[in-house]
Amino acid sequence: MISKEAIQKLRNEIGLRSGPVLSLYLATNPASRDVLDYSASGKRKPFVIRAKDTLKALAVPEAIASRVIDRLEHDVIRGRTRAVFATEDELEVYDLNVDLPVVNLPHGEVLARWGEPYVLPLVLALDEYERYAVVLLDEERWRLFEVYLNDVREVADAFRAVAPETWRKLSESKPATPMGLGARGTTARGGMGRDRFDRRVLAWTHRFYRQLAGELEGWLERLGAERLILMGVPEETRYFEELLPRAVRERVVAHLPMPAGGSKVDASEVLALTEAAIEEAERRKEAELLDRIREEGVWGTENVLEALQQGRVYVLVMPWHPEGRVWRCPDTGYAALARERAEAVCPGAAEEADLAETLVELAGLFGARVEFVRGDNADRLEREFGGLAGLKRW
């Protein structure tokens, strides 16, 4: 999982570096048929061949190209995308289990640039993908996982403050469910003494869950996790959700059943079990954003481009792989779809530029957040909104 330190280095060091830098993006998905066929035959990986040809065409210095190709040939790459940034002195490699926005890399296609560092696709991916926290509620122990960029790690220190005997007390003495209900939803029987015992246990359980809710809130802040998935017995997860502070409760996007392995489940299985829920949550967020734009937004490429440069757009919505060209004025940065409009601002100086890169640059310049949509939402963006949309400040 890419660390916060690596993200900071990417933004502040590579992105601001002067002098020529090789920026290389490759589709390296080991499940790709293109990759599998070559791996089985023992031949050179297809993306290595394409990378070598691309670097030669760019006239990348031999020392840099050789070092990069050597890494590609000998590394065991398990991610879906590899990003490489290389100079004469340094080589930075990032492997991710996700596809990158803006750049389309099907079947081992390679994108490379020699000159100014091209970190835009990776930076956009780091901003676009949300961090999820997954809490596994089990009577023996609770576990916390962080899911980010389709990778998972367990937060080993989470809930460590709870002593083992406390977990045993929770497991052995609490009622059939946290609400004191039996299996069929009826109040536990057993006379007045049993009722008093159940009330005491329920009060203890309530306080204990409140304590864990406070600990979880702190961990969410430390991780920077904006979304939360609760995994376990449905009655347990629902009860715990009710006790969460409102700011944390609003982050809950899914409840998942207890995995077959219970508290001993592997982190990789947690990732597999949450994949569909995360995908659904992401697409739901995109659909809700498009609904808002229908009520209070602007759409159409030319309209959005103009509103963006007037500072009126605070959320810019783009497809995952936008295509198209614009005309830009090199001195002022003004951009327009029609060359004539750009030439009116900078006569004889307008230059053609990539639409996606221009939009992202303008969004940063005018303080707009960029959101990408995929799948059915990308189709809807094209069909209903002309391929580009945004939420307006006014």
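Residues numbered from 1 in each chain as written. Predicted model: local features only at pLDDT ≥ 70, side-chain atom pairs only at ≥ 80, totals over all residues. Heavy atoms only, no water.

As a further point, take the overall build of the protein. Helix and strand counts for the protein come out as 14 helices and 16 strands. Looking at the 394 residues of the protein, the share that counts as buried comes to 49%. Contacts in the protein between residues far apart in sequence, at least 24 positions, make up 73% of those at least 6 positions apart. (Helix = DSSP H or I, 4+ residues; strand = E, 2+ residues; numbered from the N terminus. Buried < 20%, exposed > 50% of the residue type's maximum accessible area, 1.4 Å probe, protein only. Contact = heavy atoms within 4.5 Å.)

With that out of the way, let us pick up the sheet that holds strand β4 (residues 110–115). An order of β3-β2-β1-β4 is seen for the 4 strands of this open sheet, with the pairing classed as antiparallel. At either margin of the open sheet sits one strand with a lone partner, and together these are β3 (91–96) and β4. When the angles between neighbouring strand axes are averaged without regard to direction, this sheet yields 10 degrees. Two strands pair when backbone bridges link them, and strand β1 (residues 21–27) and strand β2 (residues 81–86) are joined in this way by 6 bridges, in the antiparallel orientation. Directly across from Leu22, in β2, lies its bridge partner Ala86. This element, helix α5 (residues 120–128), spans β1, β2 and β3 of the sheet and lies at about 60 degrees to β1. (Pairing = 2+ DSSP bridges. Axes fitted to C-alpha atoms, helices over the stretch in contact; angles between N-to-C directions.)

Summarising burial for α5: 8 of the 9 residues are buried, a large majority. Those residues of α5 that fall on the buried side of the exposure criterion are Leu120, Pro121, Leu122, Val123, Leu124, Ala125, Leu126 and Glu128.

Before going further, it helps to spend a moment on the packing of aromatic side chains. Remark: the centre distance and the inter-plane angle together describe each pair of aromatic rings, the angle taken between the planes. All told, the structure shown has 12 aromatic pairs when counted by the stated rule. Each ring, one from Tyr25 and one from Phe85, has its centre 6.1 Å from the other, and the planes form 90 degrees; the classification is edge-to-face. Taken together, the positions of Tyr25 in strand β1 and Phe85 in strand β2 put the pair 60 residues apart, joining distant regions of the chain. As far as the burial class goes, Tyr25 and Phe85 line up, both buried. Ring plane angle 65 degrees and centroid distance 5.3 Å describe the contact between Trp142 and Tyr209, whose orientation is recorded as edge-to-face. (Phe/Tyr/Trp six-rings, centres within 6.5 Å; stacked < 30°, edge-to-face > 60°.)

So, about the side chain of Arg283. Residue position: Arg283 is located in helix α10 (residues 267–296). Accessibility expressed as a relative area gives 15% for Arg283, which makes it buried. The residues touching Arg283, leaving out its near neighbours within four places in the chain, are Arg374 and Asn377.

Here the focus is the environment of Gln309. Within the element layout of this structure, Gln309 appears in helix α11 (residues 301–309). Here the alpha-carbon distance between Gln309 and Phe366, two residues 57 residues apart in the chain, equals 7.0 Å. Aside from chain neighbours lying at most four places away, what touches Gln309 is Gly333, Tyr334, Ala335, Leu362 and Phe366. A polar side-chain atom of Gln309 sits 2.8 Å from the main-chain carbonyl oxygen of Ala335. (Polar contact = N/O pair within 3.5 Å; in protein donor to acceptor, adjacent residues only side chain to side chain.)

Our focus in this paragraph is unusual backbone geometry. The backbone of Ala59 sits at a positive phi, close to 60 degrees, despite the residue not being glycine. Ala59 gets classed as exposed once you look at its relative accessible area, which sits at 57%. Even without being glycine, Val102 reaches a positive phi, approximately 75 degrees.

Looking now at the nonpolar core. Counting 50 residues, the largest nonpolar core has Leu10, Phe85, Tyr94, Leu122, Leu316 and Met318 as the members making the most contacts within it. Not counting residues up to four positions away in its chain, the partners in contact with Leu122 are Leu10, Tyr25, Ala83, Phe85, Tyr94, Leu96 and Leu100. Membership of the second largest hydrophobic core comes to 26 residues, among which are Leu137, Leu228, Leu230 and Leu244. (Core = buried A, V, L, I, M, F, W, Y, C linked by side-chain atoms within 4.5 Å.)

This paragraph deals with the UniProt feature "coiled-coil region" (unreviewed entry) in the protein. Per the UniProt record, the feature "coiled-coil region" (unreviewed entry) sits at residues 264–296. Taken as a whole, residues 264–296 contains 91% helix and 0% strand, while its terminal C-alpha atoms sit 48 Å from one another. (UniProt positions renumbered as here; feature names shortened; annotations may be inferred.)

Looking now at the pairing of strand β12 (residues 325–328). Two faces, one strand: in a regular strand the side chains alternate between the faces of the sheet. Examined bridge by bridge, β12 and strand β14 (residues 351–354) share 4 bridges and lie antiparallel to one another. Residue Val326 lies in a different strand from β14, and its bridge partner there is Ala353. Both β12 and strand β13 (residues 335–336) contribute to a ladder of 2 bridges, which runs antiparallel. In the sheet register, Arg328 faces β13, and the bridge partner there is Ala335. The hairpin turn running from β12 into β13, its antiparallel successor, is 6 residues long, and Gly333 in that turn takes a positive phi close to 80 degrees.

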